[in-house]
Amino acid sequence: MPLASTFTATPRRLTVEHAAMTIEGHRLADLSLAGWVYGPEIGTAPVVVIVGGITASPFPLGDATAAPDSGREAWWPALFGPGLIDPAHHTILCPCWPGNGSTWRGLNDDSPLPAISVLGLADLLAAWLDGVACTSRVTFIGASLGGMVGVAFAVRHAERCAKLIAISGGLRPDGWGTATRHVQRELVRDGLRNGDVATGMIRARQLGMLTYRGRVELDVRFGKLTPGLDRPPVAEYLDYHGRRFAEQFPVRTFLLLSESIDRGTIGDDATAVRAALAKVTAETIVVGVPGDMLFPWALQVELHRELQAAGAESSLWKLESVYGHDAFLADQERLAELLREAHAFGGELRTHERPRFEGVGVEPLRELRIGLIGCGTVGGGLLDLIDRQHAAVADRYGVRFRVVKIAVRDLAKPRGPQLYGIPIVDDALELVSDPEVDVVVELAGGMEMEPVLSAALALGKPVVTANKALLASKLADLGVLAQRTATPLYCEAAAAAALPIIRHLSHRADEIDSLLGIVNGTCNFVMTRLEAELSLPQAVAEAQALGFADADPTDDLNGMDAAAKLSILTYRAFGAWVRPDGFPVRGITGLTPADCDLAESMGCRIRLIARAARVDGALDLAVEPLLLPTWHLLASVEEEYNAIYLRCASSGDLSFFGKGGGAMPAAAAVLGDLIDLAQDNSSRWPVPQVLTLVSPGGDVVPPARRHYLRVSGEPRPGLERRVETLVRRGGLTVQNRAARTDHDLLHLGFIVSAGSAEQIAAIESAATRLARVEQCLCLGVLE
C-alpha cells in the first residue's frame, strides 16, 4: 500500500526574508522566499527536495487541511511508498516558484521582469535552504523545469547535492521547445496588450498541452473531426485545461519561468559545459521518455553522457509511455517502479568521494511489449527464440522482449504451452489500440493484414512484418505512411529470412549497381535434387517432408515468391518501387534433371535468380532460372540456402549467405528487427523514385547476353547439325555443346553467343518446328 494513503499530509510553510539579493546580475529587493515541508523537522532525517514543472504546486503529497479545488491536491502521490520517499523518515522540502509563493519587490506589478535562468532559480532555492537551516546534503528530484533546475543546483551548489534525479529535463532546451515556448509567451503578451489576458493564457496553455502529451495518446483518446461534429473531440479537453490555467496561474510567473528554461545553459560552449559538470559530485539518475516532444529523449542522452564524460556518476533510464512529456504525472506508477529499480531513494547517501569515469554509463534494462499477430510456424519460433535468447539479448542490448497479447485467426486451434498466460484474441486491431502493446509483430501473412498495419503506423506504433505478399503489393504505401508518421517499419524476414540484407541496404553508404540473389529456399532445394536425378515431383515431395516447402508450393515454383522479395529488395537497393507484375517472372517448373546434367557438362549450374541492375539510367529486373559458371559464388549455393550478391559503386562486390527459410531463420530475422527497434536503429522509407524499366521494345532494351538452348527429340542423325545451322542463320554461334540420352529421347544442350531476346526467341521457335523435336527450352547465361 502506498504510504500516501496512510500518511496525513499536513505541510508546514517555511518563509525566509531577505532585504536584497543579487541573482544573475539582477538586484532583487524585499525578497520573500517560501516553501513547504512534510515529515520530520529539518536536521532530524534525510532531506528530499521536490521541484516540479512550471505549473506544479509545492504540494506533491497534497494538503489534508485544504478545501477541495484549492490547488493543493496531491500531484505526485505514487512517489511516496515502499522503496521510495517515506514521509515518516524523510524530510520533504518543496520550494515555491517566484510569483507563486515566493516574491520580491516589483515581481507582481508592471516592472520589467528580470532575465533569470534556471541557474538563478537554483541560486534562489539554495538561499531558501540556507534560510531554513537545511545544512545536510539533499536528494533532489526534479521534473521538467524542475529537472533543469536540479542540474543547475548540482553544478552551482555541488556541496549541497548528494543525489540528483532529473526527469524529462536536460542540460539545455532544444530549438523546437524554445520556439514553442516563445509562441506561448507571445500569445500571453498579445493578451496583455489587447486587454484580454485570459484568452492569451488559455491559448498558451492549449499549445502547451499538445507538447506535453504524446501523439499516440491524443490520437487514441480523441481521434479526429468526424462528420456530424462541430468541433474535434480534443477541443473540450483543451478548453478545460486552458480555462483552468488562466484562472489559477499568475501571468508574470508563467512568463518568468518559461523564459528561464530558454535562458538555461550552464556553459557557452562544449568546453565550458564540461568544466561546469566537472563540479558535480552527486550520484545522478537521468530519466527520459522516448515520445517526449518538449524535452526529447536525445536531451536526456546528452545530459547523461556529458555527466559521465566529466567524471560524474550517472545512469540513464527510459520511461516507456504513450503520455509524452507528462508521463512523469500521467504514468507515475510506472515511474515509481522505475525509481524503485534504480534504488533512487534506497541505501546510504554517497560520500564526497568522486566516482571514477566508466564510459557512457550504466544502461537500464528496457522492456518492449509485443503484440503478436499470427502464431504459426514462425510465430512459435519467435516465442521459442525470445525465451531461449532472453539472457543474451538483455546482456548485449539492454532490452527484454515480452509478448503481451496474441491475435490468431482460429481461437479454437490447440496451442502449445509457450502461449500459457498470454491473452489470445481473434481481432488483430485490438493489438493496435492496446496501450500495453509497444510494437506490432505481424506473422500471419495475407493481404487482409493491410488495414491492421496501416492503422498501427498511422497511430505511431512500430511494425515488424514478414508478410512478403502484402509488401510486394503495398510496400510503397506503407513506407510513405511510416515516413509521414515517423514510425519504424521493419521487414527483414520478408526478404531473405536470416540474411541481414534489408538491414545492410537500409544503412549503406554506397550505391548499388546490381543485385543478384537466390532468395527462395524451396526452389534452390529442388534444383539441387534435380541435379541428383530426382524428378520435379519427387524433389518437391522431399522438400515438403523436410519442411522446406509449403503444402502448396505453387508461388515458390513459379517464381512469384522470389518476385515479391525482389520487389522489396529493389525498393531498398535502388529506391524504386516495382510490383512483381511489372517485370518478367519465370519459375523452374519447365526444368528437368537433363537440363542440370547438360549445364554441368558445359561447366555451369542452374539456379533461380532474382536480379536487378542499373542499365543506362534504367532498371533491369527479372526473376528467372539462369546458367551460372561453376566458379560463380551463387553456383555453389545448395539445398535450402539463400545468397545475395551485390556489386557496389565504391566498395566492390559484397555477398550474404545463409538459410532463407524455416521457422527459426525467419524468427531470428524478426528478433533482429526488434533489437534494431530497441536500439532506435531505424531508417527512412523514401518516396519511391520513378525509373524507366528495361523491356524489349521500350526506350531501354535488355542488353545482349549468352543463352542456353536445350532441344529434346527422337534420336536421329543430323539433329545437332540442323540446330547449329539455325543458330548461324540467326546471326549467332554455338560456343559449347553437350548431349544426353534418356531412353528414347535425345537432349542436346547448346550455349549460344550473346544475342538479343528477339534473336534467341526466333531460333527457339525455328528449332521447335524441326521434325521429331518434342520440346525446346531457352535460359539466359549469367556472366
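Nothing here was measured: the structure is a model prediction, and the numbers come from that model.

Definitions and cut-offs
- Residues numbered from 1 in each chain as written.
- Predicted model: local features only at pLDDT ≥ 70, side-chain atom pairs only at ≥ 80, totals over all residues.
- Heavy atoms only, no water.
- Helix = DSSP H or I, 4+ residues; strand = E, 2+ residues; numbered from the N terminus.
- Rg over C-alpha atoms; globule rule 2.2 N^0.38 Å.
- Buried < 20%, exposed > 50% of the residue type's maximum accessible area, 1.4 Å probe, protein only.
- Contact = heavy atoms within 4.5 Å.
- Areas by Shrake-Rupley, 256 points an atom, 1.4 Å probe, with all protein chains shown as cover.
- Axes fitted to C-alpha atoms, helices over the stretch in contact; angles between N-to-C directions.
- Parallel < 35°, antiparallel > 145°, perpendicular 65-115°, else oblique.
- Left-handed = near helix turned anticlockwise from the far one by under 90°.
- Nonpolar A, V, L, I, M, F, W, Y, C, P; charged D, E, K, R; others polar.
- Phe/Tyr/Trp six-rings, centres within 6.5 Å; stacked < 30°, edge-to-face > 60°.
- Polar contact = N/O pair within 3.5 Å; in protein donor to acceptor, adjacent residues only side chain to side chain.
- Bend = angle between axes of the 7 residues up to and from the residue.
- Core = buried A, V, L, I, M, F, W, Y, C linked by side-chain atoms within 4.5 Å.
- Expected span 1.5 Å × (residues − 1).
- pLDDT = per-residue confidence, 0-100.
- Salt bridge = Lys/Arg side-chain N within 4 Å of Asp/Glu carboxyl O.
- Pairing = 2+ DSSP bridges.

Draft legend 1. Looking closely at the overall build of the protein. Each helix and strand counted, the protein has 25 helices and 23 strands in total. Relative to the 2.2 N^0.38 estimate, which gives 28 Å for 783 residues, the radius of gyration of the protein is 35 Å and therefore markedly larger than a compact globule would have. The principal-axis extent of the C-alpha atoms belonging to the protein is close to 120 × 60 × 55 Å. When burial is assessed residue by residue, the protein has 56% of its 783 residues classed as buried. Within the protein, residue pairs in contact and separated by at least 24 positions form 74% of the contacts whose partners lie at least 6 positions apart. Accessible surface computed for the protein: about 32600 Å², of which carbon and sulfur atoms make up 52%.

Draft legend 2. Structural detail: unusual backbone geometry. You will see that Ala133, though not glycine, has its phi angle at about 65°, which is positive. On the secondary structure map, Ala133 appears in the loop between α1 (118–131) and β5 (138–143). Of note, His743 is a non-glycine position whose phi angle comes to about 55°, a positive value. By secondary structure assignment, the location of His743 is in the loop between β21 (734–742) and β22 (745–755).

Draft legend 3. Local environment of the packing of helix α15 (residues 468–484) against helix α21 (residues 560–574). As a packed pair, α15 and α21 sit with axes 8 Å apart at the nearest point and diverge in direction by 40°. Classified by the angle their axes make, α15 and α21 are oblique. Every pair of crossing elements has a handedness; the one defined by α15 and α21 is left-handed. In this structure, α15 uses Lys468, Leu471, Ala472, Leu475 and Ala476 to contact α21, whose residues at the interface are Asp561, Ala564, Lys565, Ser567, Ile568 and Tyr571. Grouping the constituent residues of the contact of α15 with α21 by class yields seven nonpolar, one polar and three charged.

Draft legend 4. Looking closely at the packing of aromatic side chains. Following the criterion strictly, the structure yields ten aromatic pairs and no others. Arranged with centres 5.5 Å apart and planes meeting at 85°, the rings of Phe245 and Phe254 form a pair that is edge-to-face. With respect to burial, Phe245 and Phe254 carry one shared label: buried. Taken together, the ring pairs connect Trp75, Trp76 and Phe328 into an aromatic cluster.

Draft legend 5. Representation of the environment of Thr485 within the structure. Inspection of the secondary structure assignment puts Thr485 in the loop between α15 and β14 (489–490). Classification of Thr485 as buried rests on a relative accessible area of 9%. Separated by 28 residues in the primary sequence, Thr485 and Leu457 have C-alpha atoms spaced 6.9 Å apart. Apart from residues no more than four positions distant in its own chain, Thr485 is found in contact with Arg215, Leu457 and Ala458. Separated by 2.9 Å, the side chain of Thr485 and the backbone oxygen of Leu481 make a polar contact.

Draft legend 6. Here's a closer look at α15. The principal kink in α15, of about 80°, is found at Lys474. Regarding α15, the residues found buried are Leu470, Leu471, Ala472, Leu475, Ala476, Leu478, Gly479, Leu481 and Ala482. Next to the buried residues of α15 lie α14 (450–458), β13 (463–465), β14, α16 (493–496) and α21. Of the residues trailing α15, Ala486 is marked for its positive phi of about 55°.

Draft legend 7. Local environment of the side chain of Asn642. Within the secondary structure layout, Asn642 lies in strand β18 (residues 641–648). In this structure Asn642 comes out as buried when scored by relative accessible area, which is 0%. Those residues in contact with Asn642 that lie beyond four places of it in its chain are Ala496, Leu499, Ile518, Val519, Asn520, Gly521, Val637, Phe656, Phe657, Gly658 and Gly660.

Draft legend 8. Quick peek at the nonpolar core. In terms of nonpolar packing, the biggest core is built from 81 residues, with Ile501, Leu569, Leu627, Ile644 and Leu646 touching the most fellow members. A total of eight residues in this core trace back to one element, the largest contributor, which is α21. If you look at the next biggest cluster of nonpolar residues, it comprises 77 residues, including Leu164, Val234, Val273 and Phe295.

Draft legend 9. Region of the structure containing helix α7 (residues 251–262). With twelve residues, α7 should cover 16 Å at 1.5 Å per step; its first-to-last C-alpha distance of 17 Å lies within 8% of that length. For α7, the tally of buried residues reaches twelve of twelve residues, placing the bulk of the element in the interior. Buried residues of α7: Val251, Arg252, Thr253, Phe254, Leu255, Leu256, Leu257, Ser258, Glu259, Ser260, Ile261 and Asp262, and no others. Residues of α7 that are buried sit in contact with α1, α2 (145–156), α3 (175–194), α4 (197–212) and α6 (234–248).

Draft legend 10. A look at the confidence of the model for the protein. Looking at the protein, the pLDDT average stands at 88 and 96% of residues meet or exceed 70. Low confidence marks residues 1–5, where pLDDT is under 50. Its contacts with residues over four positions away, or in another chain, come to 13 contacts.

Draft legend 11. Expanded view of the pattern of salt bridges. Counting across every chain of the model gives 50 salt bridges. Across the pair Arg12 and Glu41 runs a salt bridge whose closest N-O atoms are separated by 3.8 Å. Here Arg12 is found in strand β1 (residues 12–23), whereas its partner Glu41 is found in the loop between β2 (26–38) and β3 (47–51), with 29 residues between them in sequence. Residue class for Arg12 comes out partly exposed when judged on its relative accessible area of 28%. Taking the shortest distance from any N to any O, the salt bridge between Glu259 and Arg189 comes out at 3.3 Å. You can see Glu259 sitting in helix α7 and its partner Arg189 sitting in helix α3, a full 70 residues away along the chain. Connected through shared salt-bridge partners, Arg181, Arg185, Glu186, Arg189, Glu259, Asp262 and Arg263 make up one network.

Draft legend 12. Region of interest: the sheet that holds β5. Reading across from one edge, β1-β2-β4-β3-β5-β6-β7-β8 is the order of the eight strands in this open sheet, with mixed pairing throughout. Each edge of the sheet is formed by a strand with only one pairing partner; in this case those strands are β1 and β8 (314–318). Recorded for the sheet is a direction-independent mean angle of 20° between the axes of neighbouring strands. Alignment of β5 against strand β6 (residues 161–167), held across six bridges, turns out to be parallel. Along β6, the bridge assignment pairs Ile141 with Ile165. Each of β1, β2, β3, β4 (91–95) and β5 touches α1; the most contacted strand, β1, lies at about 125° to it.

Draft legend 13. Expanded view of the sheet that holds β21. Read across the sheet, nine strands follow the order β19-β18-β15-β16-β17-β23-β20-β22-β21 without closing on themselves; strand pairing throughout is mixed. A single partner strand is all that each edge strand has here, and the edge strands are β19 (652–659) and β21. Sheet twist, expressed as the average angle between the axes of neighbouring strands with direction ignored, equals 25°. Looking at chain direction, β21 and β22 are connected through eight bridges and run antiparallel. From the neighbouring strand, Thr741 faces β22, where its bridge partner is Leu746. Each of β15 (512–518), β16 (604–615) and β18 touches helix α18 (residues 521–531); the most contacted strand, β16, lies at about 145° to it. Strand contacts of helix α24 (residues 719–729): β20 (705–713), β21, β22 and β23 (773–781), with the helix running at about 20° to β22, the strand carrying the most contacts.

Draft legend 14. Expanded view of the environment of Ala458. By the secondary structure assignment, Ala458 is in helix α14. The spatial distance from the C-alpha of Ala458 to the C-alpha of Ser117 is 39 Å, given a sequence separation of 341 residues. Once you skip the residues sitting within four places of it in the chain, Ala458 turns out to touch Asp219, Leu481 and Thr485.

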